[in-house]
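Structural characterization, general
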Amino acid sequence: MNIQANFEGIVRGGETLKQHRDRLMEATKRTGHYAGIKTLELRDSQPILYNKLFSRLRAGVVDARETAKKIAASPIVEQEGELCFTLYNAAGDAILTSTGIIIHVGTMGAAIKYMIENDWESNPGINDKDIFCNNDNLIGNVHTCDIHTIVPLFHEGKLIGWVGGVTHVIDTGSVGPGSMSTGQVQRFGDGYQITCRKIGINDTLLRDWLHESQRSVRTTRYWMLDERTRIAGCHMIRDLVEQVIADEGIDAYMKFAYESIEHGRQGLQARIKAMTIPGKYRQVGFVDVPYEHEDVRVPSDFAKVDTIMHTPSEITIRPDATWRLDFEGSSRWGWHTYNAHAVSFTSGIWVMMTQSLIPTEMINDGAAYGTEFRLPKGTWMNPDDRRVAFSYSWHFLVSSWTSLWRGLSRSYFGRGYLEEVNAGNANTSNWLQGGGFNQFDEVHAVNSFECAANGVGASAHKDGISHAAAIWNPEGDMGDMEIWELAEPLIYLGREIKASSGGAGKYRGGCGFQSLRMVWNAKDWTMFFMGNGHISSDWGLMGGYPAASGYRFEAHDTNLKQIIADGGEIPHGGDHDPENPVWDSLIPDALIKRDKQAITTEAMFKDYDLYLNYMRGGPGFGDPLDRVPQSVADDVNGGYLIERFANSVYGVKLVKGEDGLFGVDEAGTEARRAEIRKQRLARAVPTRDWMAKERERILAKDAGVHVQQMFAASFKLGPRFEESFRKFWDLPADWQLQEADLPIPSYGREYSMDISELPDVRTVKFVDE
Amino acid sequence: MPLDSKNKRSVQVLGIDAGGTMTDTFFVDADGDFVVGKAQSTPQDESIGLIESSREGLEAWGLNLSDALASLQTGVYSGTAMLNRVVQRKGLRTGLIVNAGMEDFHRMGRAIQAYLGFAYEDRIHLNTHYYDDPLVPRHLTRGVMERVDMFGTVVIPLREEGARKAARELIEQDVEGIVISFLHSYKNPTHERRVRDIVLEEVKAAGKDIPVFASVDYYPLRKETHRTNTTVLEAFAAEPSRKSLKQISAAFQEHGAKFDMRVMATHGGTISWKAKELARTIVSGPIGGVIGAKYLGETLGYSNIACTDIGGTSFDVALITQNELTIKNDPDMARLVLSLPLVAMDSVGSGAGTYIRLDPYTKAIKLGPDSAGYRVGVCWADSGVETVTISDCHVILGYLNPDNFLGGQVKLDRERAWNAMKEQVADPLGLSVEDAAAGVIELLDSDLRDYVRSMISGKGSSPSNFVCFSYGGAGPVHTYGYTQGMGFEDIIIPAWAAGFSAFGCAAADFEYRYDKSLDINIATDAADGAKADQARILQAAWDELKERVLEEFAINGYSADKVTLQPGFRMQYRGQLNDLEIESPISSAATAEDWDKLVEAFNDTYGRVYAASARSPELGYSVTGAIMRGMVPIQKPKIPHEELGPEIPPEGAKLGTRKFYRHKKWVDAQLYQMETLQPGNRITGPAIIESDATTLVVPGGFETFLDGHRLFHLKEV
């Protein structure tokens, strides 16, 4: 070492991390190409070597995930695959990733960038064999229960990159048990928060960390083994990188680590060019936050209101195949746990795109650099307050993104890619969560992940697949019942496809499913519900219907012990037609809650109580009257459709055959469909007339308080949104809609304090605000 | 071979590999000499193709069928018929009885079954996911009210009337088999067995003969989707195979055979066609090679072997460590999750027929996952293949003899391949055709190399402790490429590489293996009394499984004293969901000391498989399963042993030279005929050793030596 060493940064070549990232970002901004890389020198001159590097590293990262997940105890990780490993370059930009919850490609990158921008390099220092941990939502994490383990990669004493591993843990010690608890309305109730903390040196975890972290959560065993899973995976990838460098040389590796990102950016552009049509695509998403109900117990009066979250979006695809996504008009962050950081919002959109627009091997941060985002500051997806809670940000993430799929699908349709059309994703719920003492008499928390297998939206040439996937993890799975019964003191009395949960259409949305659980062997037990209830969070496409929204069914004091002993009829299977329930009369003495209140906080349960876990379906495509009638009969026979909707929605007259299965009365169907079409025409009014009538309602503010509040909040944060609303409805200047005038509290409306206002904090800006 | 010795030849062992298109037979005589017969498969009656293949093979030895069959000691079958039946859903009409309320679970499957076997791009590409039809349709499924919890406690007593009604309805629907699977039956089998008996009563009352399968009698293992799928396979697919095996057995006996046919099973042993659990034979062919390598290793003294097999469509790797196979317990096959013990064999969708494409958007080179299979590539004009394949690269680079592919049965056209490669890959990448083809081979080899390396490091070991066996039709073409720089202890290519799977089948033990789920939980610092209690629970399970193993052997006329028993167990840290299979270091368990030995064996293995940092003894231990294997000795093929001759190959083995491209230049490779080479010959690259069914490539910088067992040893010089 020479004297210069004191001034040398840790990055290979001698820059500090900050200098390194600044240089890359400046060049990216200046040239429009990642790190200023205009030509892919390595790829062009040595395509074989380039491909070799890619496929070796990618295979290794995928393999690390497959191997490491076997260490975990949590069925979320082991069975549902809720983990992901990603390889980054020195600047924290992702080179490539495993499968799994790949939204964290962005969130772990954001954590690395936070460490870079806040000079972790000098304090606490970044050394070979260090281990860092992060789950801070204010840095970009999706929600508190996603825990990141980040390990720097060194070569000959210099930092050459990072590897990150993430798992979704079952409990993070928030106010209520379960990973995505409800009830808290601020960050301080969200659970254990770790901000890029150095938790290990020399590949060994520090004891203070072990003691503190393990007592900060309810499910310590899961926590420990999840952490070992993440570390083992990171170390496997570190070994792999060392091996690749030994084989192919450090120079080739370093070149690849940057060039591949520009390659990913170009790949996205090529795909946009091939699959879409330039222009503007507008759409909107909503979800309900029904907090006024008595079964939602929150600590703060000002949070005890029913509100609606709102996200209009505009996709602009330019002729040169660059694109911009603008979310002007979105709702303000709120006093609930459904807020999201800009990074998780944009990373999640990237995840969606990998499922349809760019399902290639070459997915990395290039796609992020190829996408411009505008998320107005102060919105729910880019909050400007450090008190904001995030624990179930997915509540609205999944509902606002589904509109983007709808938008892009119009484009795919226009280009003739019928197979790629996807009418939208399901609202990935219900989340069965709760805790207490389990069948092993241990403090426990549960978080069923059956809803990793929801219905999928229909495409333009076939039905959506049923009980199959989640927007956040296309490799969905509902898991085996015997494994869930190991993890939860709840026995199954039913697992059944949820009829009519998928939206109707020429091609119907995939159906979700339902599990009826009976509390068994639990003590001091609580559970709650989490999902959409009053609002369908997707829409359906080109005449297709939205998926059914959610509801809750719970039953207490069921007397089932006696009913079982007496040989009486026991509720089981599915709640086939919730409007004509059969279970309720079987347990006449029970306290039954059957309503649209699909979000609740911890309620007490005891053995023999019942809980219905209903996983949602996906939206449909095309007019249901165009569906092949026999397919409708097949749907009824197969339990995908409630019989009465064959007639009312699809206009299909069914006839029961001798074998008990339905067939189609062709003539009757034709007549019925003609009748429905006639009724539609009779009901139709010219658009102008309809608008004139609606305009009167708007002028009179003839809408629920929650609707008014939603628009008022959107107007305040989105002046352009307000302007276009006014213009569209031709509203006079004196028509004003303001939250202050509404009879519900709107705390947070005027005053906020961003995390960046704390001393010594430099936040990283990833989007236009 | 002198003429007069023909009549004295005593044929001892028969191995059968009945594929979808060809049926291979592999005969071994008392001296270890072998011959391979080939004939077209006859799926409607497999015995026809088999007899034909045998006739063809034995003809080469100048033997007639009856004479040869009479002297045979043993015969082992492996084939793809059962797997094909499952893939095509052409099994028997099967009824299923499950818990009331859970009638949908079998058709819902596990969502993982919607993308099993997909490549990375399609796993994330949601619109490509799809479900296959369930093995049992919903209308042949019935629910019966009962519930047992995870501890085996009855929550809802069985309602027998429901079972009777379900049975009657299914019988009325003319099902050909009835499967019963209740939640946690592996833990408490009472309800499931009671329903089994009720169904049997009803079948009898209906005057029918329908087999009934309770999951607990077959696969008493946790995870209902796996267990149910596997038990359904018994009814759906295994029974037809049993009929077919019976037919084959009878056909052989008609021709004078006296042995009883055995079948290769997923756990790596062979079982009788009369065995109760015949679904275990669903995949058998590819395992054969692994068993062959294990047998060769045991005979010749290699205990750690990396088995590598390249065929037309895939590259299969399996590891043998300390002469033991690695077993996977909940594998998937035909896009179904199963609970069969399967010889862990990882497959990459890269074989000789694998397609090469450029991603139109990123220009990334993509190999497979689909393949031209037997249609070779563009180089075969009649194949109809338009996308270039790995074989096309081989032809372009001079690796393969275009005029002697499959012994000249298929003529390959180098120019066709060259032109296609230029247009599809070389020009878009700005490379010469040769460099593009060589680059693709290099890319494939490096993928395969990493794959093998990661498997070995997953065992906590390094290649220097392993001997690599390379076989399969296309294996020896790539051996040098995927082993280069790995530092294997030795690299071995059997001269009969193309028939190695059939050889392996013939070399397999007669072995039954049974598994049972357990839930033994114990703290690390538990008292000795507690440890002894747990040891006894494990012993009770071993005893139960032992009975079943002995019962199977009894069916085949082996008394208990002839059977060698090897207990095993599955253990994990408490709370984990994945366990490790450990061969028990003790033959029976009773005391706290015994228990500690089991724990020690587990901790050792865990640290090697994952990482030392992943060991978690503070959580305590769970034994999740008991395993019992039983074996009886059988006649196995003798491995040839010949005296070593001179190092210089006989002139008669030389077949001229061919242009061969590697490292950016063309060289002249000396060609040899594999069969004519003599033990002791040493060949330095560049050379290509050709036989009808395989080609061994020895590039510059490599040499190979043929030993007295007809094994080629390849090394870098």
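Residues numbered from 1 in each chain as written. Chains lettered and ligands numbered in written order. Predicted model: local features only at pLDDT ≥ 70, side-chain atom pairs only at ≥ 80, totals over all residues.

The name an unreviewed UniProt entry gives chain B is Acetone carboxylase, beta subunit, with Paracoccus solventivorans as the organism.

Looking at an unreviewed UniProt entry, one finds chain A named Acetone carboxylase, alpha subunit and attributed to Paracoccus solventivorans.

**Digging into the overall build of chain B**
Within chain B, the regular secondary structure consists of 17 helices and 35 strands. For chain B, whose C-alpha radius of gyration is 27 Å, the value lies close to the compact-globule estimate of 27 Å for 717 residues. Overall, chain B is about 80 × 60 × 55 Å in size when its C-alpha atoms are taken along their principal axes. When the 717 residues of chain B are sorted by exposure, 57% land in the buried category. Within chain B, contacts between residues separated by at least 24 positions form 66% of all contacts whose residues are at least 6 apart in sequence. (Helix = DSSP H or I, 4+ residues; strand = E, 2+ residues; numbered from the N terminus. Rg over C-alpha atoms; globule rule 2.2 N^0.38 Å. Buried ≥ 20, exposed ≤ 12 C-beta atoms within 10 Å, placed from the backbone. Contact = placed C-beta atoms within 7 Å.)

**Overview of unusual backbone geometry**
Put simply, A:S429 and A:N430 share a cis peptide bond, and its omega is 10°. Inspection of the secondary structure assignment puts A:N430 in the loop between α12 (394–415) and β12 (433–437). Put simply, B:G685 and B:P686 share a cis peptide bond, and its omega is 0°. Within the fold, B:P686 resides in the loop between β31 (682–684) and β32 (687–690). Within the chain, A:D441 stands out as a residue other than glycine whose phi angle is a positive 60°. In this structure, A:D441 sits in the loop between β12 and β13 (443–447).

**Section: the sheet that holds strand β19 (residues 603–605) of chain A**
Residues and elements named next belong to chain A. One open sheet holds the four strands; their spatial order is β13-β12-β16-β19, and the pairing between them is antiparallel. Both edges of this open sheet fall to β13 and β19, since each of them pairs with a single strand only. On average, each strand axis in the sheet is tilted by 25° relative to the strand beside it, whichever way the strands run. When β12 meets β13, the two strands line up antiparallel, connected through five bridges. What sits directly across from G435, in β13, is A445. (Pairing = 2+ DSSP bridges. Axes fitted to C-alpha atoms, helices over the stretch in contact; angles between N-to-C directions.)

**A closer look at the sheet that holds strand β5 (residues 158–168) of chain A**
The strands making up a sheet associate through hydrogen bonds between their backbones, and the pairing can be parallel or antiparallel. Residue and element names in this part refer to chain A. Ordered by their spatial adjacency, seven strands build an open sheet running β2-β1-β5-β4-β3-β6-β7, and the pairing between neighbours is antiparallel. Strand pairing shows two members of the sheet lacking a second neighbour, β2 (94–97) and β7 (204–205), which therefore form its edges. The pairing of strand β3 (residues 131–134) with strand β6 (residues 197–201) spans three bridges and is antiparallel. Considered in β6, the bridge of C133 is made with R197. Strands β1 (83–89), β2, β4 (146–155) and β5 of the sheet are contacted by helix α9 (residues 250–275), whose axis makes an angle of about 90° with β2.

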